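What follows is each chain in one-letter form.
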Amino acid sequence: MFIKLRQMICCAVITVLSINTLSAQSKANICPVANLVWQGLGKNENDAMPFGNGDIAVNAWTENNGDIVLLIGKADAWAEDASLLKLGRVRISITPNPFADTTGITQTLFFQNGTIEIKKGNNTVRLWADANNPVVHVQANLVQKGQLVAVFDPWRKIEPSDKIDLQASKEIMSGDKAARLKPDVLFPANNNRIAWCHFDVDSYYPYTLKQQHLESLIGQFSDPLYHRCFGAMITGRAVIARNDSTVASARPTNAQQLDIIALTDTLTNAPDIWLKEINQMTNRIEAMKITNMVLAHDRWWANFWDRSFIKVSGPDDAQKVNDGYAIQRYMMACSSRGEMPVKFNGGAFTVGHNIPAGFKQTKEEHNPDYRAWGECYWNQNNRLLYWPLIATGDTDLIKPWFAMYTKRLKFAEARNKIYYQHGGASYPETMYFWGLPRMGDFGEHNPTNVIQSHWQRYHIQGTLEVISQLLDQYDYYGNKDYVKNTVVPFADAIVTYYDQHRKRDANGKIYM
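Every value quoted in this text rests on a predicted model; they were computed, and no experiment measured them.

Each value, and the rule that gives it
- Residues numbered from 1 in each chain as written.
- Predicted model: local features only at pLDDT ≥ 70, side-chain atom pairs only at ≥ 80, totals over all residues.
- Heavy atoms only, no water.
- Helix = DSSP H or I, 4+ residues; strand = E, 2+ residues; numbered from the N terminus.
- Core = buried A, V, L, I, M, F, W, Y, C linked by side-chain atoms within 4.5 Å.
- Buried < 20%, exposed > 50% of the residue type's maximum accessible area, 1.4 Å probe, protein only.
- Contact = heavy atoms within 4.5 Å.
- pLDDT = per-residue confidence, 0-100.
- 1 Å grid on protein atoms, 1.4 Å probe; cavity = no way out; pocket = protein on both sides within 12 Å on 5 of 7 lines; lining within 4 Å.
- Points joined across faces, edges and corners; volume = space filled by probe spheres on them.
- Nonpolar A, V, L, I, M, F, W, Y, C, P; charged D, E, K, R; others polar.
- Pairing = 2+ DSSP bridges.
- Axes fitted to C-alpha atoms, helices over the stretch in contact; angles between N-to-C directions.
- Parallel < 35°, antiparallel > 145°, perpendicular 65-115°, else oblique.
- Left-handed = near helix turned anticlockwise from the far one by under 90°.
- Phe/Tyr/Trp six-rings, centres within 6.5 Å; stacked < 30°, edge-to-face > 60°.
- Lys NZ or Arg CZ within 6 Å of the ring centre and 35° of its normal.
- Polar contact = N/O pair within 3.5 Å; in protein donor to acceptor, adjacent residues only side chain to side chain.
- Salt bridge = Lys/Arg side-chain N within 4 Å of Asp/Glu carboxyl O.

## Notes on unusual backbone geometry
Part 1: The step from T95 to P96 runs through a cis peptide bond, and the omega angle for that step is -10 degrees.
Part 2: If you trace the backbone, P96 turns up in the loop between β6 (84-95) and β7 (105-110).
Part 3: Residues other than glycine seldom take positive phi values, yet H213 does so here, at roughly 60 degrees.
Part 4: The topology assignment puts H213 in the loop between α4 (205-211) and β14 (229-236).

## Digging into the nonpolar core
Part 1: In terms of nonpolar packing, the biggest core is built from 114 residues, with L70 and L127 touching the most fellow members.
Part 2: The greatest single-element share of this core, amounting to 8 residues, is contributed by helix α13 (residues 480-501).
Part 3: Excluding anything up to four places from it in sequence, L70 contacts V58, N59, A60, G88, R89, V90, I92, L127, V136, V138 and I260.

## Some thoughts on the confidence of the model for the protein
Part 1: Confidence in the prediction of the protein, expressed as mean pLDDT, is 92, and 94% of residues score 70 or more.
Part 2: Long-range and interchain partners of residues 1-26, a stretch whose pLDDT sits below 50, account for 30 contacts in this model, where long-range means more than four residues apart.

## Some words on the layout of surface pockets
Part 1: For the largest pocket, the calculated volume is near 550 Å³.
Part 2: In terms of residue class, the lining of the largest pocket is made up of 11 nonpolar, 4 polar and 9 charged.
Part 3: Here the second largest pocket is characterised by a volume of approximately 330 Å³.
Part 4: Lining the second largest pocket are 16 residues, with F221, S222, D223, P224 and R408 sitting closest to its centre.
Part 5: The residue inventory of the lining of the second largest pocket, partitioned by class, reads 8 nonpolar, 2 polar and 6 charged.

## What to know about the pairing of strand β4 (residues 56-62)
Part 1: Among the 7 residues in β4, 7 count as buried, and that is most of the element.
Part 2: Every second residue of β4 is oriented toward a common face, with I56, V58, A60 and T62 on one face and A57, N59 and W61 on the other, all of them buried.
Part 3: As judged from the 4 bridges shared by strand β3 (residues 49-52) and β4, these two strands associate in the antiparallel manner. Of the residues in β4, the one forming a bridge with M49 is A60.
Part 4: Connecting β3 to the antiparallel partner β4 that follows it, the hairpin turn spans 3 residues, and G54 within it adopts a positive phi of roughly 100 degrees.
Part 5: The pairing of β4 with strand β5 (residues 68-78) spans 7 bridges and is antiparallel. Within β5, the residue paired with I56 across the bridge is K74.

## Some words on empty space enclosed by the protein
Part 1: Using the criterion set out here, one finds 1 cavity of 30 Å³ or more in the structure.
Part 2: Put simply, the largest cavity is a space of about 150 Å³.
Part 3: K74, L84, G347, A348 and R371 are the residues nearest the centre of the largest cavity, which is lined by 19 residues in total.
Part 4: Secondary structure elements with two or more residues in the lining of the largest cavity: β5 and β6.
Part 5: Of all the elements, β5 adds the most residues to the lining of the largest cavity, at 4 residues.

## Structural notes on the packing of helix α10 (residues 409-420) against α13
Part 1: In contact at an axis separation of 11 Å, α10 and α13 are set at 15 degrees when each is read in the N-to-C sense. As the angle between them shows, α10 and α13 are arranged roughly parallel. The handedness of the crossing between α10 and α13 is left-handed. Two secondary-structure elements touch here, α10 through L409, E413, N416 and Y420 and α13 through P489, F490, A493, Y497 and H501.

## Structural notes on the packing of aromatic side chains
Part 1: The full count for this structure, using the stated rule, is 28 aromatic pairs.
Part 2: Ring centres of F152 and W196 lie 3.9 Å apart, and the angle between their planes is 10 degrees; this geometry places the pair in the stacked category. Placement of F152 in strand β10 (residues 135-152) and of W196 in strand β13 (residues 194-199) is noted, with a sequence separation of 44 residues between them. Considered together, F152 and W196 belong to a single accessibility category, that of buried residues.
Part 3: Judged by centre distance (5.9 Å) and plane angle (15 degrees), the rings of F187 and W274 are stacked. Separated by 87 residues along the polypeptide, F187 in the loop between β12 (184-186) and β13 and W274 in helix α5 (residues 271-286) bring together distant segments of the chain.
Part 4: Within the aromatic cluster, the residues linked to one another by ring pairs are W78, Y204, Y205, Y207, F221, Y377, F411, Y432, F433 and W434.
Part 5: Positioned above the aromatic ring of F304 is the side chain of R329, whose terminal nitrogen or guanidinium carbon lies 4.0 Å from the ring centre.

## A look at the environment of T208
Part 1: For T208, the position within the fold is in helix α4.
Part 2: The class for T208 is buried, based on a relative accessible area of 0%.
Part 3: Along the backbone, T208 and D499 are 291 residues apart, and their C-alpha atoms lie at a distance of 28 Å.
Part 4: Here Y205 takes part through its backbone oxygen, which lies 2.6 Å from a polar atom of the side chain of T208.

## Section: the pattern of salt bridges
Part 1: Applying the stated criterion across every chain, the model contains 22 salt bridges.
Part 2: Among the salt bridges present, the one from D394 reaches R307, with a minimum N-O distance of 2.6 Å. Of this pair, D394 sits in the loop between α8 (379-391) and α9 (395-406) while R307 sits in helix α6 (residues 290-307), and the two are 87 residues apart along the sequence.
Part 3: Its relative accessible area of 0% is what places D394 among the buried residues.
Part 4: In this structure, D396 engages R307 in a salt bridge whose closest nitrogen and oxygen atoms are separated by 3.0 Å. Note that D396 is positioned in helix α9 and R307 in helix α6, a separation of 89 residues in sequence.

Right under this line is the structure:
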């Protein structure tokens, strides 16, 4: 495959265009990849199309009965057991349903503005995640007046908000016991809105510290999981709540709109506080004019495509290079503007379906939260997503990758001080986003501070490459304050680790 690609590029003519001088009108048409069009209805989650706003990521598909299903993820939806969960699944139906008969139906992904359109004749449903606000819009325009129904369709265990035990386990918070996934919270419908969330009553973080002989750091640094709360609210124009998990149009009309607002609070004391916050956020979003939101959304995407593109001409396969470049950028734009970087193993767009209780999940049969290769970041894989973004000008998309390392520098230095009694910082290859090695590699009940996995034991050099990325970023964009306050302290700590950790030979060279 690589030989063929190399030959194709060698015999192609590549033109890299700088287009910052294009007018706003011209920008609207510069997306270098054609729309993706599917005919007919889908069957299940494997027929999904992806869209997102960089933080909220959505897999959207249709099913044989004409329903539209949205599987919604978010970059910072980290549960108490350190797994990255989906926010939830929403099933949308229309009565009478113009999509019940598959004949003449098209599903189109418009890369130019991150929008999906499901269409039959003059009946359309438009799906988009607002580039500037934490909301997914569902807009239906129907030839015959109809009603839109949206149902929160969970697969995780759900409990009413008044039944949730908010008392954290002392064993778990002291690190003696690992946290386990708790049920989601479903709130009573209120003001014709429905909402649900996941609240991290306790945390896996103290367990990783104690297992890795760092219990003295419990309480010194903020717990990244404890009392994190994430979820969504469904509302809309002229909708009513049928029950705690269903909203519907108040009456049949030709134009319908639903909004799904998403919120993560990284530290809140209770789900009810989160509910108050998301209601306030929903109020602000509902006060905005949808026409202005559309214009701002389209403008963001036009500016995104204006940053860079390549045009390859030559053999028939040359267009695949153009498309691959553009679609990879599109996927990163949809999922790398949140708190955390994109996961290498499926990114934000993993899918799944309901499975029986007690069923052991496999790569073929699993629920939407399943993620092959686990919850940790692997530097040697993740780096490949972010190297291209420096040259493509996507500085906003690379920020989460840099921040995962630089914001946890003090923690990494403290860990090194306890382990090695010297200065500097080091980060393992496979790590939780707070900077500790994956427990499966470190080893449960490991009596030493040495990673047990022979694959990962000495695999710490990824941060040298992160430094190289940071310096390349500076070469392109020249942010001196960022270099002074962030890059230099980080680089200094990594180099200090290498300087002080290894013995030297008679000539003063580091001996490894």
